[in-house]
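One-letter residues, chain by chain:
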Amino acid sequence: MRKTSALLLSGLAAAMALAAAPAMAQSKGDWTLGVGVHAVDPKSDAGDLNGAALGLGALPTKVDSSVRPTVTFEYFVADNVGIEVLGALPFKHEISIDGVGKVGETKQLPPVVSLQYHFANSSKVTPFVGLGVNYTKFFSTDSKGALAGTKLKLEDSWGLAAHAGLDFALSEKGALRVDLRWADIDSKVKVNGNTLGTAKVDPLVYGMAYVFKF
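This write-up is about the structure you can find in this document. (Residues numbered from 1 in each chain as written. Predicted model: local features only at pLDDT ≥ 70, side-chain atom pairs only at ≥ 80, totals over all residues. Heavy atoms only, no water.)

1. Quick notes on the side chain of threonine 32
Working step 1: Structurally, threonine 32 is set in strand 1 (residues 31-41).
Working step 2: The contacts of threonine 32, once residues within four sequence positions are left out, are Thr72, Phe73, Glu74, Phe76, Val211, Phe212, Lys213 and Phe214. (Helix = DSSP H or I, 4+ residues; strand = E, 2+ residues; numbered from the N terminus. Contact = heavy atoms within 4.5 Å.)

Printed below as a string of structure tokens:
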């Protein structure tokens, strides 16, 4: 079940309580580095897999959430327009089937490349939006519970990604960022080489980071 992150709310409240600070303007040729923490929160229903190859019927599948440190680099190709790359430590997810319980675990790396627009203004709060491409690499996938002893595999995924957030200026070079992403992640699921269908993970990714311009 999707919940609003307490971490996200506390970061937003702290940023709004800050005293006035100069806006962190971005010009062509600038770089920014962001270091933070984010939650990958897959949608509550990843879809039904076809269990016929296992002598079963429909398998309603869920993928749980995970929180990890993240890092971003952004290069401004024009004033207020940047290309951002997102990286993170591997996220770890449990995979479960309704009525059966936990059937596996997997790790994934979700690098994203986005083109972003930062709305220039004289305020200490700068909103931005972005659109890009996500590549998700699944690895260290293990079967558990009812599927223990089988070979469980999630195939890698390509998809669109959207990004929006707010930068709260702390100085001319630093800002506290709260942001939200959505990624189109659809992974084919195989057990013992048999394709059971596609898990539609499609997570929200939300959190906060400190962003430094150099």
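2. So, a nonpolar patch on the surface
Working step 1: Taken together, the side chains of Trp31, Phe73, Tyr75, Val77, Ile83, Val85, Val113, Leu115, Leu170, Tyr210, Phe212 and Phe214 make up a nonpolar region of the molecular surface, amounting to roughly 1,100 Å² of accessible area.
Working step 2: Those elements that place two or more of their residues in the nonpolar patch are strand 4 (66-78), strand 5 (81-88), strand 8 (112-118) and strand 15 (204-213).
Working step 3: Within the element layout of this structure, tyrosine 75 appears in strand 4.
Working step 4: Judged by relative accessible area, which is 32%, tyrosine 75 ranks as partly exposed. (Patch = residues over 30% accessible without salt bridge, like charges linked within 9 Å, V, L, I, M, F, W, Y side chains within 5 Å. Areas by Shrake-Rupley, 256 points an atom, 1.4 Å probe, with all protein chains shown as cover. Salt bridge = Lys/Arg side-chain N within 4 Å of Asp/Glu carboxyl O. Buried < 20%, exposed > 50% of the residue type's maximum accessible area, 1.4 Å probe, protein only.)

3. Brief notes about the side chain of glutamate 74
Working step 1: Turning to its location among the elements, glutamate 74 is positioned in strand 4.
Working step 2: Although glutamate 74 is buried, it forms no salt bridge, and the closest oppositely charged side chain is arginine 177 at an N-O distance of 4.3 Å.
Working step 3: In terms of polar contacts, glutamate 74 uses its side chain to reach the side chain of glutamine 116, at 3.3 Å.
Working step 4: Within polar-contact distance, the side chain of glutamate 74 engages the side chain of histidine 118 at 2.9 Å.
Working step 5: Among all residues touching glutamate 74, those that are not within four sequence positions of it are Asp30, Trp31, Thr32, Gly82, Ile83, Glu84, Gln116, His118 and Arg177. (Lys, Arg positive; Asp, Glu negative; His and termini not counted. Polar contact = N/O pair within 3.5 Å; in protein donor to acceptor, adjacent residues only side chain to side chain.)

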